[in-house]
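Chain by chain, the residues:
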Amino acid sequence: MVTIFCLLKPAIDFGLGFIPFVGDVADIFYKANQKNVRIMEHWWIFENKANVDKATQQALEQWKSQSNGA
């Protein structure tokens with residue numbers, strides 16, 4: 001599903017690029033690559049949420065122990 005969305009956005013951008021002037025304006029406002037990065041970031045977080053939460057808790061505990069020792 002992520003792959004389909006990531007391929008669809010540049011295809012739309014490419015198609016709009018064929019229309020004179022409209023394609024130039026679309027290029028200014030339609031950022032396919034940025035949207036793909038956001039889609040991939042959301043997918044990665046969804047797939048790795050448990051690992052991210054665990055690493056965040058470990059970092060927080062380490063920070064707390066360093067703050068209390070200072």
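Quantities reported herein were computed from a predicted structural model and do not represent experimental measurements.

A. Summary view of the pattern of salt bridges. Taken as a whole and judged by the stated rule, the model has one salt bridge. Note that Lys 49 is salt-bridged to Asp 53, the shortest N-O span being 3.0 Å. Of this pair, Lys 49 and Asp 53 are both found in helix H3 (residues 32-69), four residues apart, which corresponds to roughly one turn of the helix. Using a relative accessible area of 47% as the deciding quantity, one classes Lys 49 as partly exposed. Asp 53 sits in the partly exposed class, given a relative accessible area of 37%.

B. Layout of the confidence of the model for the protein. On average, the protein scores 82 in pLDDT, and the residues at 70 or more come to 94%. Here helix H2 (residues 22-29) stands out as the least confident element of the protein, with mean pLDDT 74; H3 is the most confident, with 87.

C. Quick peek at the environment of Val 25. Secondary-structure assignment places Val 25 in helix H2. Separated by 29 residues in the primary sequence, Val 25 and Lys 54 have C-alpha atoms spaced 44 Å apart.

D. Structural view of a nonpolar patch on the surface. A cluster of nonpolar side chains, Ile 19, Phe 21, Val 22, Val 25, Ile 28 and Phe 29, forms an exposed patch at the surface whose accessible area comes to about 620 Å². Here Phe 29 shows up in helix H2.

Criteria and cut-off values
Residues numbered from 1 in each chain as written. Predicted model: local features only at pLDDT ≥ 70, side-chain atom pairs only at ≥ 80, totals over all residues. Heavy atoms only, no water. Salt bridge = Lys/Arg side-chain N within 4 Å of Asp/Glu carboxyl O. Helix = DSSP H or I, 4+ residues; strand = E, 2+ residues; numbered from the N terminus. Buried < 20%, exposed > 50% of the residue type's maximum accessible area, 1.4 Å probe, protein only. pLDDT = per-residue confidence, 0-100. Patch = residues over 30% accessible without salt bridge, like charges linked within 9 Å, V, L, I, M, F, W, Y side chains within 5 Å. Areas by Shrake-Rupley, 256 points an atom, 1.4 Å probe, with all protein chains shown as cover.

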